Amino acid sequence: MRLSRRQLFAAAGVTALAGGITSSGLAVALAEPEDKPVRTWSGEIQVAEWEQYYLGLDGGAHQKALSALDIAHRDGVRADEQYLMVQVESVRRAALEFGDHAAADVLRARFALDSPSMLGRGLKLVLGRDGLEQRYLDDPGLQLRYIGYRRKFADLVLPMPAAVRRALA
């Protein structure tokens, strides 16, 4: 048998009065949880932290995001000022609106999101191995190896999975 909210609050109020608890306090505790966001997208991310996840398999989305945020990138690839701080919400927008893989991955790392790693997908495609994400971030030799093998994938655009977009929404 399913009780209506009115019946539930009435029953809770009677029980609460018998137990010495006010009915309004219990009603608030028993109310359905509000749809509050699980995480708040606040804070700042350094451009260097963001760009360490950049592989160049997003079809120019990273550069479009930099342009939209008025971040200079004279070489046409990476930001000129690596120490610049960017609002987390702007980085999130870069991932959702432009499809910037690096933005999705830096947010995944910062907020421990349960979503596929775009860095991992790109490294698997180019180098043929899983589980290289953390090593790639720390190992300049592996980064150079990636650059060497990446040439034949230069025109490829890796689509961002729906799971990544859901995690960022």
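Look up: the structure comes first, before these words.
The numbering scheme is per chain: residues are counted from 1 as the chain's sequence reads. Only residues with pLDDT of 70 or above have their local features reported here, since the model is predicted, and side-chain atom pairs are shown and tallied only from 80 upward, although totals for entire chains, interfaces and linings are computed over all residues. With hydrogens and water excluded, all non-hydrogen atoms of the structure serve as input to the side-chain values.

## Focus: helix α5 (residues 88-98)
Okay, step 1: Within the sequence span of α5, burial applies to V88, S90, V91, R92, A94 and A95.
Okay, step 2: Only heavy atoms enter the contact rule, under which two residues are in contact if any of them lie within 4.5 Å. Helix and strand assignments come from DSSP, with helices taken as H or I runs of at least 4 residues and strands as E runs of at least 2, each series counted from the N terminus. Considering only its buried residues, α5 is in contact with β1 (44-46), α3 (47-51), α4 (61-68), β2 (85-87), α6 (101-111) and α10 (162-168). Categorising residues by exposure relies on relative accessible area from a 1.4 Å probe, with only protein chains included: less than 20% of the type maximum marks a residue as buried, more than 50% marks it as exposed, and the intermediate range marks it as partly exposed.

## A short note on the side chain of S117
Okay, step 1: Considering the arrangement of structural elements, one finds S117 in the loop between α6 and α7 (118-127).
Okay, step 2: Here G120 takes part through its backbone nitrogen, which lies 2.9 Å from a polar atom of the side chain of S117.
Okay, step 3: The contact partners of S117, leaving out residues within four places of it in the chain, are D105, R108 and E133. Polar contact is the term for a pair of N or O atoms within 3.5 Å; when the atoms are in protein, one must be able to donate a hydrogen and the other to accept it, and sequence-neighboring residues count only if both atoms are side-chain atoms.

## Some words on the environment of L125
Okay, step 1: The topology assignment puts L125 in helix α7.
Okay, step 2: You can call L125 partly exposed: its relative accessible area is 34%.
Okay, step 3: C-alpha separation for the pair L125 and F153, spaced 28 residues apart in sequence, amounts to 8.8 Å.
Okay, step 4: Look past the residues within four positions of L125 in its chain and what remains in contact with it is L57, F153, L156 and L158.

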